[in-house]
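# A closer look at the structure
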Amino acid sequence: MLYGKTGPSLVDLVVRGARVIDPVEKLDAVCDVLVDGGVVSQLGTNVDANGHRVVDGAGLVLAPAFVDPHVHLRVPGGEDEETIASGTAAAAAGGYCAILAMPNTEPVVDSAAVLGSLIEDAKAQAEVPVGFLAAITRGQDGAELTEMAELAEQGAAGFTDDGRPVVPPALMRRALQYHGITGRRLALHCEEPTLSRGAQMHEGAVSAELGFTGYPSVAESVMVERDLSLAAYEQAPLHLLHLSARESVEALRAAQANGVAATAEVTPHHLCLTEEAVRTLDPNLKMNPPLRSEDDRSALVGALRDGTIGSVATDHAPHARHEKEVPFEAAPFGVTGLETAFAALYTSLVEPGLVPLETLLERMSGGPARAYGLEPPRIAVGAPANLVLLDTQATWRVEEDRFRSRSANSWLLGQTLRGQVRMTVAAGRMAFDG
Amino acid sequence: MGEIHVMREQFLPPKPPPRRHLISIADLSREDVERLLATARSFSRSLEREVKKLPTLRGHTIVNVFYESSTRTSSSFELAAKRLSADTMSIKASGSSVDKGESLKDTALTLGAYDPDVIVIRHPQIGAPQLVARYTEAHVVNAGDGKHQHPTQALLDLYTIQEELGRIEGIHVAIVGDVLHSRVARSDVQALTLMGARVTLVGPPPLIPRGIKAMGCEVSHEIDAIAAADVVYVLRMQRERMQEGANYVPSLREYSARWGVTPERLRPGQKVMHPGPMNRGVEIDPRVADAADALIETQVRAGLVTRMAVLYDLLTTGPVGVRAPDPLEVA
């Protein structure tokens, strides 16, 4: 399900004296970690370096590397904005050892042929392993199901029409019924399109003042409620993409309490910003779903902390510069996030004490892996090395020319953040060595 | 000599502070508005003279760029610039490179290459004036951007109320109609509340934006609410902005029956304003539009002196740097 470069260049190294935090293994201790041939081979103190490269981890945090369940790699069709090589290099710089790519490309990833060629490209170019989600409906038109069994056999990591909702309830029900044979997850973009038509930002006091057509919270939550009802009826699992509204969180929490196997994700920008930011009219603050109220934001932070929402997803959505150098109203939705996610969340959630560091690390790694049935990255003897070395003291400024992504439509341009990725090992290979 | 000096001081407009752009009423303080209105008043006196042209802005270049159709705003900006002896150039989107697909950024860079002192822009998209301000050195005046702002309309409305009623503070204004699609309503609510007036928005629920009360106004869905106001401000039913099948109101017929401003719904002495162009018989009864208490042509005249005041205010201070946008707070 995950595809990346393979070959002989597996890592041999020892990280000495870092604070090793692995929420999966319930580990939080200062120790040395030895990696032999891309596999964690020893944890302890004064580990014999065995002639390997020694990395001084004193004062740093070593954790299981991150998994991003929601990335737009823009291939095929949008190579001017991102490629497998540039997107995975950005992921590596952000501390990720695995990412899942969305199928809303040109053409849409809705056939084994398109998926197969992407997998071949990933094997040749991907700096970190990539899983490709395939579409739920052909052309993401919301009319006919894709050949899910064949797509799963070809290696699809899951199914989604991300960017668009599956509108007809009967079709959604069929998708929930049929996808079960694949063992892969169904991931849903919840939006009732007649309630969000023409919308530019969250509907509320700020949209009323600025004059933007509003995207009400209820446009998301009615669809969340519908999909959770269908999932409960069909006893099918599902994953909810990029939740933004308190009502959605409450519906999810209630469904989980009733035994629905629902997982969900939230983006760094929805956790850090509110509709107030849109007053700047900066097109890099335009995304779908939109930034919502402070009440929504605090519900999302609470849900991330208590595990109702188990995953952080960047929804990394690169756009060409000229596409965003237009009036807010004309700009496309979406912002980048792979290279800034940890620092943004460390700065706005961990430092002020809203979310413990261990929780954030779990929601960025084990949480999203489990949501898609992937093996969670672990720091344990015998496990493949998927490691991120973090400096939680360092501050850095987000600058356009430092991105490895081909696009720079970041909502954090010019910001100074605390928390920096020093090194990423992905599937036993050195992916980023900063 | 002293006395003459005092006389002349009174005729001179007040000194403005350094400022770059007029994009939103939200950027103005109460003092700014008072100064602009005082400047407009001094210009209105100058227009009573036989020779109406003032040499004030001689040598300055003012470019008007209109991406939307407009009669009164574009003509009044052009005349305002000419009355102040500035050189003007007017560009309409149709017939320009916009038809060839040129982006707003490139149009701004092109016009900016002529070093204009002011660019006046009307554009259907919110955020267009900010974009032009980012890519040129000119002072930018927003002549209407989508549903967002139309700050010179709000200033001329304040000027009209001040001149007709003698004050703005404490005046009760009812704004009636399609608030949802109206940049005039948003600018007026901001401007009127800034100056201490009371504002009530009146219209069918789907045309009153959710959350608008946070701007400091009241909301009523009953047309009877206009009876309590000193000024009834009638908004145009923006048929061209009504999305097909959106069902904001079932029909224009039902709208005008329930929310049309008719003589029967007004008290004697209530002033009536309208930003134009009017749909007679839809939002406003023709008898109301033509009555003595209607200030609609007064508003047009006020538009000229107010826009003269805005241009004067932007151009009579020394060069100042572009205000850097406030850095975003990561909450």
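Residues numbered from 1 in each chain as written. Chains lettered and ligands numbered in written order. Predicted model: local features only at pLDDT ≥ 70, side-chain atom pairs only at ≥ 80, totals over all residues.

### Points about the overall build of chain A
Our working rule: Think of it this way: any DSSP run of H or I at least four residues long counts as a helix, any run of E at least two long counts as a strand, and we number them from the N terminus. We take the radius of gyration over the C-alpha atoms and set the globule estimate at 2.2 Å times the residue count to the 0.38 power. Think of it as a crowd count around each C-beta: if 20 or more other C-beta atoms lie within 10 Å the residue is buried, if 12 or fewer it is exposed, and in between it is partly exposed, with C-beta placed from the backbone throughout.
Looking only at helices and strands, one finds 13 helices and 18 strands in chain A. Here the C-alpha atoms of chain A give a radius of gyration of 21 Å, agreeing with the 22 Å that 2.2 N^0.38 yields for 434 residues. C-alpha atoms of chain A, sized along the principal axes, occupy 65 × 45 × 45 Å. For chain A, with 434 residues in total, the buried portion stands at 62%.

### Thoughts on the overall build of chain B
The condition is simple: Two residues qualify as being in contact provided that their C-beta atoms, derived from the backbone, are within 7 Å of each other.
Regarding its fold elements, chain B presents 10 helices and nine strands. Across the 331 residues that make up chain B, the buried fraction comes to 45%. Here the analysis covers contacts within chain B between residues at least 6 apart in sequence; of these, 74% occur between residues at least 24 apart.

### Section: helix 6 (residues 151-165) of chain B
Residue and element names in this part refer to chain B. Heads up, the rule is: Expected span of a helix, by definition, is 1.5 Å for each gap between consecutive residues, and there is one gap fewer than residues.
Counted at 1.5 Å a residue, the expected span for helix 6 with its 15 residues is 21 Å, and the 21 Å between its end C-alpha atoms agrees. Counting buried residues along helix 6, 12 of its 15 residues qualify, which places the element largely inside the surrounding structure. The inward-facing, buried residues of helix 6 contact helix 2 (30-46), strand 4 (139-145), helix 7 (183-194), strand 8 (231-234), strand 9 (271-273) and helix 10 (296-315). Within two residues after helix 6, glycine 166 carries a phi angle of roughly 85 degrees, on the positive side.

### A word on the domain arrangement of chain B
Residue and element names in this part refer to chain B. In plain terms, the rule: By convention here, the domain bounds are inherited from an automatic or database domain assignment. Gly counts as polar in this scheme, as do all residues outside two lists: the nonpolar Ala, Val, Leu, Ile, Met, Phe, Trp, Tyr, Cys and Pro, and the charged Asp, Glu, Lys and Arg.
Splitting chain B by domain gives domain 1 (2-148 + 303-315) and domain 2 (151-300). The C-alpha-based centres of domain 1 and domain 2 are spaced at 25 Å. At the interface, 21 residues of domain 1 touch 20 residues of domain 2. Only helix 2, strand 4 and helix 10 provide two or more residues apiece to the side of domain 1 that touches domain 2. A per-class count over the side of domain 1 that touches domain 2 returns 10 nonpolar, seven polar and four charged.

### Re the interface of chain A and chain B
At the junction of the two partners, chain A supplies 29 residues and chain B supplies 27 residues. Broken down by secondary-structure element, the contributors of at least two residues to the side of chain A that touches chain B are helix 5 (205-210) and helix 11 (341-350) of chain A. Counting residues per element, the side of chain A that touches chain B draws most heavily on helix 5 of chain A, at five residues. Taken together, the residues of the side of chain A that touches chain B break down into 13 nonpolar, 12 polar and four charged.

### Observations concerning the environment of A:Val301
Residue and element names in this part refer to chain A. With respect to the helices, strands and loops of the structure, valine 301 is situated in helix 9 (residues 294-306). Residue class for valine 301 comes out buried when judged on the 21 C-beta atoms lying within 10 Å of it. Taking the C-alpha atoms as reference points, valine 301 and cysteine 272, 29 residues apart in sequence, are found 8.9 Å from one another. If we skip the residues at most four places from it in the chain, valine 301 touches Leu271, Leu349, Leu354 and Val355.

### What to know about the nonpolar core
Grouped burial of nonpolar side chains is what soluble globular proteins tend to show. What counts is decided by this rule: Take the buried Ala, Val, Leu, Ile, Met, Phe, Trp, Tyr and Cys residues, join any whose C-beta atoms are within 7 Å, and the set you get is a nonpolar core.
One finds A:Tyr96 and A:Phe132 to be the most contacted residues of the largest nonpolar core, which totals 152 residues. Here this core gets eight residues from one element, more than from any other, and that element is helix 11 of chain A. Not counting the four nearest positions on each side in its chain, A:Phe132 is found in contact with A:Ala101, A:Val109, A:Leu115, A:Leu118, A:Ile119, A:Ala156 and A:Ala157. Grouped together as the second largest cluster of nonpolar side chains are 92 residues, B:Tyr67, B:Val118, B:Val141 and B:Met237 included.

### Looking at the pairing of strand 1 (residues 13-22) of chain A
All names here are of chain A. This is how it is decided: When DSSP finds two or more bridges between a pair of strands, those strands are recorded as paired.
Within strand 1, seven of the 10 residues are buried, leaving the element largely enclosed by the surrounding structure. Inspection of the sheet shows strand 1 paired to strand 2 (residues 27-36) by eight bridges, in the antiparallel sense. Among the inter-strand pairings, leucine 13 is bridged to a residue of strand 2, identified as valine 35. With four bridges connecting them, strand 1 and strand 4 (residues 53-56) associate as parallel partners. When the sheet's bridge partners are listed, valine 15 is paired in strand 4 with valine 55. Bridge count between strand 1 and strand 5 (residues 61-64): two bridges; the pairing is parallel. Across the sheet, residue arginine 19 finds its bridge partner in strand 5, namely valine 61.

### Remarks on the sheet that holds strand 10 (residues 185-188) of chain A
Residue and element names in this part refer to chain A. Here eight strands make up an open sheet; going across it, the order is 6-7-8-9-10-13-14-15 and the pairing parallel. In the strand order of this sheet, the two ends are held by strand 6 (66-71) and strand 15 (311-312), each with one partner. Where strand 9 (residues 158-160) and strand 10 come together, three bridges link them in parallel fashion. Along strand 10, the bridge assignment pairs phenylalanine 159 with leucine 186.

### With respect to the pairing of strand 8 of chain B
Residues and elements named next belong to chain B. Side chains of strand 8 alternate between two faces, with Val231 and Tyr233 and Val232 and Val234 buried alike. In this sheet, strand 8 lies alongside strand 5 (residues 172-176) in parallel orientation, the contact comprising four bridges. Its bridge partner being in strand 8, valine 173 is matched across the sheet by valine 231. Of the strand pairs in this sheet, strand 8 and strand 9 are connected by three bridges, and their pairing is parallel.

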